[in-house]
Amino acid sequence: MLLRLALSGHLQPLFGNALWSEYQDVLGRPVWGDATTSVERQQVLSEADNHLIELALAGGAMAIVTHNLRDLRHGELHLGNLRVMTPAQCVEEFQ
């Protein structure tokens, strides 16, 4: 549903080089089988999220949409009026 809102022009996603590089790196790693535990995968994905806040602020975003609410709300950077919400909250608000 969130993707449909973006494709229909109701939402405009922001995607920066740091975010793209992070996803390419993480998704390209051969660790997503039975050989890794949930804790190990969490360690791999626990990179700093300041670049997300910087991208959102520079792009004039109203919100960061993520399942990672805990880490973003307690980050090093101040969010100002920038909201952090789950995909379900975003769909409910902007639908």
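Residues numbered from 1 in each chain as written. Predicted model: local features only at pLDDT ≥ 70, side-chain atom pairs only at ≥ 80, totals over all residues. Heavy atoms only, no water.

1. Focus: the overall build of the protein
Under the convention used in this document: A run of H or I in DSSP counts as a helix once it spans at least four residues, and a run of E counts as a strand once it spans at least two, with each numbered from the N terminus. Exposed residues in this analysis have more than 50% of their type's maximum accessible area, buried residues have under 20%, and partly exposed residues fall in between, with area computed by a 1.4 Å probe over protein chains only. A contact between two residues is defined here by any heavy atoms of the two lying within 4.5 Å. Computed with a 1.4 Å probe, the accessible areas rest on the Shrake-Rupley method; for each residue, only the protein chains presented here act as cover.
Along the backbone of the protein there are six helices and two strands. Reading the protein from its N terminus to its C terminus gives the helix and strand order α-α-α-α-β-α-β-α. Every one of the 95 residues in the protein was classed for burial, and the buried ones make up 26%. In the protein, of all internal contacts separated by at least 6 residues, the share reaching a separation of at least 24 is 38%. Put simply, the protein shows about 7,100 Å² of open surface, and 54% of that area lies on carbon and sulfur atoms.

2. Some thoughts on the environment of Asp 71
With respect to the helices, strands and loops of the structure, Asp 71 is situated in helix 5 (residues 69–73). Here Asp 71 falls in the partly exposed class, since its relative accessible area comes to 32%.

3. Observations regarding the environment of Leu 72
Mapped onto the fold, Leu 72 is located in helix 5. Separated by 11 residues in the primary sequence, Leu 72 and Arg 83 place their C-alpha atoms 10.0 Å from one another. Sequence-distant contacts of Leu 72, defined by excluding residues within four places in its chain, comprise Asp 49, Leu 52, Ile 53, Ile 64, Thr 66, Leu 79 and Val 84.

4. A word on the nonpolar core
We count it as follows: To qualify as a nonpolar core, a set must consist of buried Ala, Val, Leu, Ile, Met, Phe, Trp, Tyr and Cys residues joined through side-chain atoms within 4.5 Å.
Grouped together as the largest cluster of nonpolar side chains are 10 residues: Leu 19, Leu 52, Ile 53, Ala 56, Ile 64, Leu 69, Leu 72, Leu 79, Leu 82 and Val 84. Those elements that place two or more of their residues in this core are helix 4 (50–58) and helix 5. Top element by residues in this core is helix 4. It accounts for three residues. In contact with Ile 64, other than residues within four places in its own chain, are Leu 52, Ile 53, Ala 56, Leu 72, Leu 82, Arg 83, Val 84 and Met 85. Among the nonpolar cores identified, the runner-up in size contains five residues, and Leu 5, Leu 11, Met 85 and Cys 90 belong to it.

5. Let's talk about helix 6 (residues 87–94)
Note the threshold: The arc refers to the directions leading from the helix axis to the C-beta atoms.
Those residues of helix 6 that sit buried are Pro 87, Cys 90 and Val 91. Looking straight down helix 6, one finds that the buried residues subtend no more than 95° of arc, so they occupy a single side. The exposed residues of helix 6 that point more than 90 degrees off its buried face are Ala 88 and Glu 92.

6. A word on a nonpolar patch on the surface
Spelled out, the test is: Think of a patch as exposed residues, more than 30% relative accessible area, with no salt bridge, where like charges cluster within 9 Å and nonpolar side chains (Val, Leu, Ile, Met, Phe, Trp, Tyr) cluster within 5 Å. Whenever Lys or Arg places a side-chain nitrogen within 4 Å of a carboxyl oxygen from Asp or Glu, that contact is recorded as a salt bridge.
Side chains of Phe 15, Trp 20 and Tyr 23 sit close together on the surface and give an oily, nonpolar patch of about 370 Å² of accessible area. Structurally, Tyr 23 is set in helix 2 (residues 17–27). Accessibility expressed as a relative area gives 43% for Tyr 23, which makes it partly exposed.

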